[in-house]
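# Examining the three-dimensional arrangement
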Amino acid sequence: MSNTCATGSLDNIDQIRAQAPALHALGVCATCILRSAQVPLGPAYFGTTDSIHQALHLPPPSLPSLSTPVPCPICLDTLSAAIHSQITTAYIAECFDSPTLCITIEFPKSIYIRQRSLAIHTGRAPVDIKDTVKYVLGNRLYQQTDNRVRIENETGEVRVEVGFKHEETAMEHQFLVDREGSGIKTKTFRKKGVYHTTGDSKTAILDELDNCGDAVIREKFASPPPAIKLPVELDFLNFKRPSLFIGGRYLKLERNISQTPFVIDGRRVTELSVSEVIGEPIQKLVRCDAYNLVGSGREDADVRMLGDGRPFYLECINPRIKSIAPEAVSEIENQLRETKCPVQVRRLQVIQAAATSIIKEGEEQKTKHYCALVWFARPLDETTLCEINRLGEAPLVLQQKTPLRVLHRRAPLTREKTLVGLQVAHIEGHFYRVRIESEAGTYIKEFVHGDIGRTTPSLSSLAGNITADIIELDVENVSLDFPPASLKQ
Ligand SMILES: [Zn+2]
């Protein structure tokens, strides 16, 4: 056999072959024997056990089996097919439609000490454990998904966070903490009845290992690493994918619907919310963990949202599905229309994350058109009505103190707001139709009744201090171009 081992050429193959049976006898797994031999990551790592054995001149696996149940004292079985299968099975069950993923791994601290201990024993540093686990695990997933899912370390779409734990060796790094002049400074504190230790991070342990001579490792730990009884377990396994954003405009054709669920002391105040009406069918479609509706401002629950609707986007958190046909999204829009739902959507579409800033930035720039049904304590005379409408043709600057009704959750400030347009028309008796175009953030109800002098001028003060009350309010237009056609995916 030549001095190559599947993909890597090895100058010291004879030495490695000489050490392989001894490592095998220590319970070191086939993959760790390859790592220890500094075989570069490549097909050798997912070759058959036969090929590994052949390359290393180990007896055929049918004789003393490599699939011995003894866990590997080097990788603690983080390279074993059994634990990888737990991860790949869970990942496949999620059915992400992404072709790429990246993996982050948290190892038990003892693994770093054991790598060093092995290096001292063989005279060579093994191939990096993290790189190897990612490589082997990635390949297993690739095969199990019929070559559909591959690892891209920097750019993989779904982040797979794997945490391994190994109770049996959990305190093996203690000698590094205890030794004289140790750079590891630990602190133990109690939180909610549980003791936590900080300071012995992976970086601190690796730094301290660098400061330790081989003799210290041999004396205070061991070389080769001692056998273990149990393999590692999964401590955590998370799958995280960047959010998907769906934008559109919503209409609220009835009153008493809040934008997001309105709950006080665990009881729902409104039966319906815009967020749930739109969010639930989308959640089913993209299979996200949660969703969050962000509107370009919000109207009160008792205010209708008419006209072309209010721009919003829905952030779908951790979606399993991102490739959605535009028809599937339109179907949600149609469904709401056909069932005559009081919440309707228009221009529903997948948008790029960058487009969401339009909603946030538009908050300050947009103007809104309102239509209110107002009751005055006594009918306005013709002169007053004309005077209000004449004033309403030019911009009207208001001083608004934070309304009493929101004072419990907003800072007490005086804001200057401009009404761009104001029109009052008599309907009958005490009732008037009032149309208002105002800049974002104007409190319309307070402009009408004056909020006991906290908004000046108010419709009530303009009418000569006649009590005015708002009976119904509708938003008729939110002038913000969203979703933008240019940012359409
Ligand atoms: Zn191993």
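Residues numbered from 1 in each chain as written. Predicted model: local features only at pLDDT ≥ 70, side-chain atom pairs only at ≥ 80, totals over all residues. Heavy atoms only, no water.

## What to know about the packing of helix α1 (residues 13-25) against helix α5 (residues 110-122)
Close contact between α1 and α5 brings their axes to 12 Å; oriented N to C, the two are set at 125 degrees. Comparing the axis directions of α1 and α5 gives the class oblique. Facing α1, whose interface residues are Gln15, Gln19 and Leu23, α5 presents Leu118, His121 and Thr122. Looking at side-chain class alone, the contact of α1 with α5 contains 2 nonpolar, 4 polar and no charged residues. (Axes fitted to C-alpha atoms, helices over the stretch in contact; angles between N-to-C directions. Helix = DSSP H or I, 4+ residues; strand = E, 2+ residues; numbered from the N terminus. Parallel < 35°, antiparallel > 145°, perpendicular 65-115°, else oblique. Contact = heavy atoms within 4.5 Å. Nonpolar A, V, L, I, M, F, W, Y, C, P; charged D, E, K, R; others polar.)

## Some thoughts on the packing of aromatic side chains
One pass over the full model with this rule turns up 10 aromatic pairs. Plain terms: the ring middles of phenylalanine 96 and phenylalanine 239 are 6.2 Å apart, the flat faces sit at 75 degrees to each other, and that makes the pair edge-to-face. Pair noted here: phenylalanine 96 is in the loop between α4 (81-94) and β3 (100-106) and phenylalanine 239 is in strand β8 (residues 233-240), with a separation of 143 residues, a long-range link. The buried category is assigned to phenylalanine 96, whose relative accessible area is 4%. With relative accessibility at 11%, the residue phenylalanine 239 sits in the buried group. Taking the centre distance of 6.1 Å and the plane angle of 15 degrees together, the rings of phenylalanine 175 and phenylalanine 221 count as stacked. Pair noted here: phenylalanine 175 is in helix α7 (residues 174-178) and phenylalanine 221 is in the loop between α9 (214-220) and β8, with a separation of 46 residues, a long-range link. Residue phenylalanine 175 is classed as buried on the basis of its relative accessible area, which comes to 12%. The exposure class of phenylalanine 221 is buried, given its relative accessible area of 16%. Taken together, Tyr91, Phe96 and Phe239 form an aromatic cluster joined through their ring pairs. (Phe/Tyr/Trp six-rings, centres within 6.5 Å; stacked < 30°, edge-to-face > 60°. Buried < 20%, exposed > 50% of the residue type's maximum accessible area, 1.4 Å probe, protein only.)

## Thoughts on the domain arrangement of the protein
According to the domain assignment, the protein consists of domain 1 (4-172 + 221-240), domain 2 (244-364) and domain 3 (366-478). Relative to domain 3, the C-alpha centre of domain 2 lies at a distance of 29 Å. Taken together, the contacts link 19 residues of domain 2 with 12 residues of domain 3. Across the domain 2/domain 3 interface, buried area totals approximately 1,200 Å², and carbon plus sulfur atoms make up 37% of it. Considering only the side of domain 2, the residues that lose the most area to domain 3 are Arg255, Asp300 and Val303, jointly responsible for 30% of the buried surface there. Taken together, domain 2 and domain 3 are joined by 6 salt bridges. Between lysine 445 and aspartate 302 there is a salt bridge; the shortest N-O distance is 3.0 Å. Counting the contacts that link domain 2 with domain 3 gives 12 residue pairs in polar contact (both at pLDDT 80 or more). (Domains from an automatic or database assignment. Buried area = accessible area lost by both parts, 1.4 Å probe. Salt bridge = Lys/Arg side-chain N within 4 Å of Asp/Glu carboxyl O. Polar contact = N/O pair within 3.5 Å; in protein donor to acceptor, adjacent residues only side chain to side chain.)

## So, the coordination of the zinc ion
Reference values for coordination geometry: four tetrahedral donors around a metal ideally subtend 109.5 degrees, six octahedral donors ideally subtend 90 or 180 degrees. Ligation of the zinc ion by protein atoms is provided by Cys29 (SG), Cys32 (SG), Cys72 (SG) and Cys75 (SG), these donors lying 2.2 to 2.4 Å from the ion. Relative to the metal, the 4 donor atoms surrounding the zinc ion lie at angles of 105 to 118 degrees, and the coordination shape comes out tetrahedral. Mapped onto the polypeptide sequence, the residues donating to the zinc ion form the spacing pattern C-x2-C-x39-C-x2-C. One end of the pair, cysteine 29, is in the loop between α1 and α2 (30-36); the other, cysteine 75, is in the loop between α3 (49-55) and α4, with 46 residues separating them in the sequence. Just as cysteine 29 is buried, cysteine 75 falls in that class too. (Donors = N, O, S within 2.8 Å, 3.2 Å for Na, K, Ca; no water. Tetrahedral: all angles 85-135°; square planar, octahedral: opposite > 155°, others 65-115°.)

## Considerations on the packing of α5 against helix α8 (residues 202-211)
Put simply, α5 and α8 touch, their axes get as near as 10 Å, and they point 25 degrees apart. Classified by the angle between their axes, α5 and α8 sit roughly parallel to one another. Viewed along their axes, α5 and α8 form a crossing whose handedness is right-handed. Taken together, the residues of α8 that come into contact with α5 (itself represented by Tyr112, Ile113 and Arg116) are Lys202, Leu206, Leu209 and Asp210. Residue composition of the contact of α5 with α8, grouped by class: 4 nonpolar, no polar and 3 charged. (Left-handed = near helix turned anticlockwise from the far one by under 90°.)

## A few points about the nonpolar core
Among soluble globular proteins, nonpolar side chains are generally buried collectively. Residues Tyr91 and Phe164 are the most contacted members of the largest nonpolar core, which totals 59 residues. Residues Leu244, Met305, Val434 and Val475 belong to the second largest nonpolar core, which totals 52 residues. (Core = buried A, V, L, I, M, F, W, Y, C linked by side-chain atoms within 4.5 Å.)

## Details of the layout of surface pockets
In this approach, a probe sized like a water molecule rolls over the atoms, and the result shows the empty space that is left. A volume near 900 Å³ is recorded for the largest pocket. Broken down by class, the residue content of the lining of the largest pocket amounts to 11 nonpolar, 8 polar and 15 charged. Residue-level mapping places the lining of the largest pocket at the junction of two domains, with at least three residues from each of domain 2 (244-364) and domain 3 (366-478). (1 Å grid on protein atoms, 1.4 Å probe; cavity = no way out; pocket = protein on both sides within 12 Å on 5 of 7 lines; lining within 4 Å. Points joined across faces, edges and corners; volume = space filled by probe spheres on them.)

## A short note on the sheet that holds β8
Sheet strands associate in pairs through backbone hydrogen bonding, adopting either a parallel or an antiparallel arrangement. As summarised here, the arrangement of the 4 strands in space is β4-β3-β5-β8, forming an open sheet in which the pairing is mixed. With one partner strand each, in any of the chains shown, β4 (150-151) and β8 form the two edges of the open sheet. Bridge count between β3 and β4: 2 bridges; the pairing is parallel. Looking at the pairing, leucine 101 lines up with isoleucine 151 of β4. Against the sheet, α4 makes contact with β3, β5 (158-165) and β8, and its axis sits at roughly 25 degrees relative to β8, the strand it touches most. Running over the sheet, helix α6 (residues 129-144) touches β3, β4 and β5 and is turned about 140 degrees from β3. (Pairing = 2+ DSSP bridges.)

## Let's talk about the environment of arginine 390
Tracing the chain through its elements places arginine 390 in helix α13 (residues 382-391). When the C-alpha positions of arginine 390 and leucine 422 are compared, they lie 8.9 Å apart, and in sequence the two are 32 residues distant.

## Here's the deal with empty space enclosed by the protein
For the structure on display, the rule yields 1 cavity of 30 Å³ or more. Taken as a whole, the largest cavity spans an internal volume of roughly 30 Å³. Ile87, Leu101, Ile103, Leu137, Leu141 and Val160 together form the lining of the largest cavity. For the lining of the largest cavity, the secondary structure elements donating two or more residues are β3 and α6. Residues of the lining of the largest cavity, tallied by class, amount to 6 nonpolar, no polar and no charged.

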